[in-house]
Amino acid sequence: AKITYIEPGGQRQELVVPDGWSVMEGAIDKGIEGIVAQCGGGCSCATCHVYVVSGAVDEPDEAELEMLELVAAERKPNSRLSCQLEVGPRLDGLVVQIPDTQY
Ligand code: FES
């Protein structure tokens, strides 16, 4: 699916990310700036924080909601952990913005 990442500097990067990957994995694979993903996708670090600008994402589960309390940048209603967003046809056209800091 096509995913657009807006990097902390405002640069837009449009990638085609394979279905079944997470939005975080797509970013790390292509060296998108601003996503750290220290825990490697285990939903236990909160350094893969993004803001969903547009796209049909599912609601976060309990574990993700808990980790979202620990994000470094301001938590907003559209805050998500990108390792918990699984890429698939429904996410085609998703736009996420990466906050200035993950620590
Ligand atoms: Fe650690 Fe997402 S990569 S919570």
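Parameters and conventions
- Residues numbered from 1 in each chain as written.
- Predicted model: local features only at pLDDT ≥ 70, side-chain atom pairs only at ≥ 80, totals over all residues.
- Helix = DSSP H or I, 4+ residues; strand = E, 2+ residues; numbered from the N terminus.
- Rg over C-alpha atoms; globule rule 2.2 N^0.38 Å.
- Buried ≥ 20, exposed ≤ 12 C-beta atoms within 10 Å, placed from the backbone.
- Contact = placed C-beta atoms within 7 Å.
- Pairing = 2+ DSSP bridges.
- Core = buried A, V, L, I, M, F, W, Y, C linked by C-beta atoms within 7 Å.

Colleague: How should the overall build of the protein be read in this particular structure?
Modeller: Within the protein, the secondary structure is distributed over 2 helices and 5 strands. Its helices and strands in sequence order give the protein the pattern β-β-α-β-α-β-β, from N to C terminus. Here the C-alpha atoms of the protein give a radius of gyration of 12 Å, agreeing with the 13 Å that 2.2 N^0.38 yields for 103 residues. The dimensions of the protein, computed from C-alpha atoms along their principal axes, are 30 × 30 × 25 Å. Within the span of the protein, comprising 103 residues, buried residues form 32% of the whole. At a minimum sequence separation of 6, the contacts of the protein that also span at least 24 residues come to 67%.

Colleague: Looking at this structure, how should I read the pairing of strand 2 (residues 12-16)?
Modeller: Put simply, side chains in a regular strand alternate between the two faces of the sheet. Taken across its 5 residues, strand 2 has 0 buried, putting it largely on the surface. Pairing geometry for strand 1 (residues 2-6) and strand 2, over 5 bridges, is antiparallel. Of the residues in strand 2, the one forming a bridge with threonine 4 is glutamate 14. The turn linking strand 1 back onto strand 2 is made up of 5 residues, and glycine 10 within it adopts a positive phi angle of 100°.

Colleague: Which parts of the structure should I look at to understand unusual backbone geometry?
Modeller: One can expect most non-glycine residues to show negative phi and most peptide bonds to be in trans. Non-glycine residue alanine 37 carries a positive phi angle of around 55°. Along the chain, alanine 37 falls in the loop between helix 1 (23-29) and strand 3 (49-54). Assessed through the 21 C-beta atoms surrounding it within 10 Å, alanine 37 is described here as buried. Phi at alanine 46 is positive, roughly 65°, even though this residue is not glycine. Locating alanine 46 in the fold gives a position in the loop between helix 1 and strand 3. For alanine 46, a count of 25 C-beta atoms within 10 Å translates into the label buried.

Colleague: I would appreciate a short explanation of the nonpolar core in the present structure.
Modeller: The nonpolar side chains of a soluble globular protein tend to be buried with one another. By size, the foremost hydrophobic cluster in this structure holds 23 residues, and its most contacted members are Ile3, Val23, Met24, Ile35 and Val96. Of all the secondary structure elements, the ones that give two or more residues to this core are strand 1, helix 1, strand 3 and strand 5 (94-97). The dominant element in this core, judged by the number of residues it contributes, is helix 1, at 3 residues. Not counting residues up to four positions away in its chain, the partners in contact with valine 23 are Ile3, Val50, Ser82, Leu85, Val87 and Val96.

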